[in-house]
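# Working through the structure, step by step
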Amino acid sequence: MDPKNGSSFTGFILLGFSDRPQLERVLFVVLLIFYLLTLLGNTTIIALSHLDPHLQTPMYFFLSNLSFLDLCYTTSTIPQLLVHLRGADKSISFAGCVAQLFIALGLGCTECILLGVMAFDRYAAICRPLHYTVIMHPCLCALMASASWFTGFAYSSLQTVLIFLVPLCGKNKIDHFFCEVPPLLKLACVDTTVYESEILFFSMVFLFIPVALITFSYGQIIRAVLGIKSAAGQRKVFGTCGSHLTVVSLFYGTAIYAYLQPSNNHSQDQGKFVSLFYTIVTPTVNPFIYTLRNKDVTGAMKKVFCWDYDSR
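Residues numbered from 1 in each chain as written. Predicted model: local features only at pLDDT ≥ 70, side-chain atom pairs only at ≥ 80, totals over all residues. Heavy atoms only, no water.

Turning next to the UniProt feature "transmembrane region" (unreviewed entry) in the protein chain. As recorded in UniProt, the sites labelled "transmembrane region" (unreviewed entry) are residues 26–48, 60–78, 98–120, 132–155, 199–216, 237–260 and 272–292. Between the end C-alpha atoms of residues 26–48 there is a gap of 33 Å, over a span that is 100% helix and 0% strand. Between the first and last C-alpha atoms of residues 98–120 the distance is 33 Å; the span itself is 100% helix and 0% strand. (UniProt positions renumbered as here; feature names shortened; annotations may be inferred. Helix = DSSP H or I, 4+ residues; strand = E, 2+ residues; numbered from the N terminus.)

Take the sheet that holds strand β1 (residues 11–14) next. The sheet built from three strands is open, its strands ordered β2-β1-β3 with mixed pairing. The open sheet has two edge strands, β2 (91–93) and β3 (173–174), and neither has a second partner. Direction of pairing for β1 relative to β2: antiparallel, over a ladder of three bridges. Bridge pairing in β2 places I13 opposite S91. Packed on one face of the sheet, helix α4 (residues 94–127) meets β1, β2 and β3 and runs near 85° to β2. (Pairing = 2+ DSSP bridges. Contact = heavy atoms within 4.5 Å. Axes fitted to C-alpha atoms, helices over the stretch in contact; angles between N-to-C directions.)

Inspection of every chain in the model, using the stated rule, returns one disulfide. Not engaged in a disulfide, the cysteine C139 finds its nearest cysteine sulfur in C141; these two sulfurs lie 9.1 Å apart. The exposure class of C139 is exposed, given its relative accessible area of 56%. Classification of C141 by relative accessible area gives buried; the value is 3%. (Disulfide = S-S within 2.5 Å. Buried < 20%, exposed > 50% of the residue type's maximum accessible area, 1.4 Å probe, protein only.)

The next thing to look at is helix α2 (residues 58–75). With 18 residues, α2 extends 26 Å from end C-alpha to end C-alpha; this agrees with the ideal 26 Å at 1.5 Å per step. Most of α2 sits inside the fold, with 14 of its 18 residues counted as buried. (Expected span 1.5 Å × (residues − 1).)

A few words now on the packing of aromatic side chains. Summed over all chains, the structure comprises 13 aromatic pairs. Taking the centre distance of 6.0 Å and the plane angle of 20° together, the rings of F17 and F177 count as stacked. Here F17 is found in the loop between β1 and α1 (21–51), whereas its partner F177 is found in the loop between β3 and α7 (181–185), with 160 residues between them in sequence. There is no split in this pair, since F17 and F177 are both buried. On the basis of an interplanar angle of 80° and a centroid distance of 5.5 Å, the ring pair of F94 and F164 is categorised as edge-to-face. With F94 in helix α4 and F164 in the loop between α6 (138–163) and β3, the pair connects residues that are 70 residues apart, well separated along the chain. For the pair F94 and F164, one class covers both residues: buried. In this structure an aromatic cluster arises from ring pairing among F17, F177, F178 and F273. It is R86 that lies over the ring of F28; its NZ or CZ is 5.2 Å from the centre. In this structure, K272 packs its charged tip against the face of F17, placed 5.7 Å from the ring centre. (Phe/Tyr/Trp six-rings, centres within 6.5 Å; stacked < 30°, edge-to-face > 60°. Lys NZ or Arg CZ within 6 Å of the ring centre and 35° of its normal.)

A word on the nonpolar core. Membership of the largest hydrophobic core comes to 82 residues, with the highest contact counts inside it found for F12, F62, L115, L184 and I221. Per element, the largest residue contribution to this core is 18 residues, and it comes from α4. When sequence neighbours within four positions are dropped, the list of residues in contact with F12 reads K90, S91, I92, F94, C97, F164, L168, K171, N172, I174 and L187. (Core = buried A, V, L, I, M, F, W, Y, C linked by side-chain atoms within 4.5 Å.)

Have a look at this one:
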């Protein structure tokens, strides 16, 4: 890498919300609460999926993958943001910025694919119930989950290398609270049209291929549900699938806004708050969305906690 391209300085300055000191104090408290809820909610999902035999199914296997992903995604950005909100030093090393971009981008891409895989699982359970255990064999589930993680981080590796090959000419102030693609490209001292076009193309691939799978799966599910004569049966299916569709809408809505909108169409402040939404709000609410009306999970929680209490 050319010295003018970043290796001549030790790191970057994450400006974040430093122009609004009053907001920083409020954000610190709010984000700390959200982060603790994220840790609690997602850890609970993972623990219950392993402790309760009734939750050791493909659906909860993928849900525990999603919970682990959300834990990692939030932890890759929020603890550092909390430190920056309470101190004057808002720097991040060059290696730290590269690692943060690689991890956050890899986890985001993995979630895109994983949500598509989870939609396929619901399709198999509802539209092919007699063949469900054959289709969603544990080996296939493990393979699909592994492929999601591998593909997400393979794409992240490519994008991270390309981003840090862009000449920065000594600029090191990132107008964001973590190292993300759009604000990093704004540091470039060359025309980034080609880079932005390439990122837009691959972002569309990573967003719309899973969306196509989700659309197909839920199109088939709706057809199957309309054929169910029992109102209770329809409510059960819509309850399970509604949770997943809510999570899909939250994730893809913010991702499309952040990555597929031309950079000159929204302010940098809007971009920061959108990023806050998918780095902390979505991972916090996901466990509650999946468990709020889920009798399997609430039942497992009662059994685990009651057993723990009785064992004393």
